[in-house]
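Each chain is listed here by its residues.
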Amino acid sequence: MSDKHPHPQTRLDTRYSDETATATPWSEAERLLAEAELFWISTVRPEGRPHVTPLTAVWSRGALHFCTGPEERKARNLALNPDVVLTTGTNTYDKGYDLVVEGEAVRITDDARLRELAAGWEAKYGAFWHFEAANGRFRHGSGYAYVFSVAPRTVFGFGKGEPFSQTRWRFTMED
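Residues numbered from 1 in each chain as written. Predicted model: local features only at pLDDT ≥ 70, side-chain atom pairs only at ≥ 80, totals over all residues. Heavy atoms only, no water.

S.K.: I'm lost on the environment of Ala79 in this one. Help?
M.R.: With respect to the element layout, Ala79 can be found in helix H2 (residues 73-80). Sequence spacing of Ala79 and Pro46 is 33 residues, and the spatial spacing of their C-alpha atoms is 9.7 Å. (Helix = DSSP H or I, 4+ residues; strand = E, 2+ residues; numbered from the N terminus.)

Right, here's the structure in full:
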């Protein structure tokens, strides 16, 4: 097992930022990802058309985690193309902060890890989101869900209002 951890390279894109803007620290972006209640996931259908849908997600160990039924469109898309974009933020133009997370969805099948994530869902979203972890998936009532982890490759942050800003974090592996 490697002791390597991803470290982001942070850059303010001055082309899309006010003159007084500064790059948002990654720690602030992580806080926003952990606190966000709703995300939008974008996957690609087999014929190449996009598919976008809202979902809940939990930030844990440097990655976003989401779940979906094995027969849902996003799960079927991910079986063919694991590249995803997860977005969150506000629906206002001049206040708030938006985040766009690009990465690869990797299915989590370790029951111990799934139990940790299930506890994270319930802590964040309440008892309705109680999952049992068994056989490499979540169980909710009579249904099952696959759990995916998305470690960021690139994240874009958009500060809205005074000052407007665009920060990019690119992740590389370092010792």
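Picking up after the structure, the text goes on.
S.K.: Looking at this structure, how should I read unusual backbone geometry?
M.R.: The general pattern is negative phi for most residues beyond glycine and trans for most peptide bonds. The step from Glu162 to Pro163 runs through a cis peptide bond, and the omega angle for that step is -5°. Tracing the sequence through the fold places Pro163 in the loop between strand E10 (143-159) and strand E11 (165-174). Backbone geometry places Arg61, a non-glycine residue, at a positive phi of 55°. You can call Arg61 exposed: its relative accessible area is 63%. One non-glycine residue, Asn135, adopts positive backbone phi at about 55°. (Buried < 20%, exposed > 50% of the residue type's maximum accessible area, 1.4 Å probe, protein only.)

S.K.: Hey, could you run me through the pattern of salt bridges in this one?
M.R.: Between side chains of opposite charge, pairing is possible as soon as their charged atoms come close. Taken as a whole and judged by the stated rule, the model has 10 salt bridges. A salt bridge links Asp83 to Arg153; the nearest nitrogen and oxygen atoms lie 3.2 Å apart. In this pair, Asp83 is assigned in strand E6 (residues 83-88) and Arg153 in strand E10, connecting sequence segments 70 residues apart. Relative accessible area serves as the criterion here: at 41%, Arg153 is assigned to the partly exposed category. Salt bridges sharing common partners tie together Arg11, Asp13 and Arg15. (Salt bridge = Lys/Arg side-chain N within 4 Å of Asp/Glu carboxyl O.)

S.K.: How should I be thinking about the environment of Thr14 in this particular structure?
M.R.: The topology assignment puts Thr14 in the loop between strand E1 (5-12) and helix H1 (26-35). For the pair Thr14 and Gly159, spaced 145 residues apart in sequence, the C-alpha to C-alpha distance is 12 Å.

S.K.: Would you explain the pairing of E6 in this entry?
M.R.: The alternating pattern of E6 places Val84, Leu86 and Thr88 on a buried face and Asp83, Val85 and Thr87 on a face that is not buried. Here strand E2 (residues 39-44) runs beside E6; their pairing, made up of 3 bridges, is antiparallel. Note on E6: the bridge partner recorded for Trp40 is Thr87. Relative to strand E7 (residues 97-108), E6 runs antiparallel, the two being bridged by 6 bridges. Paired with Thr88 across the bridge in E7 is Leu99. (Pairing = 2+ DSSP bridges.)

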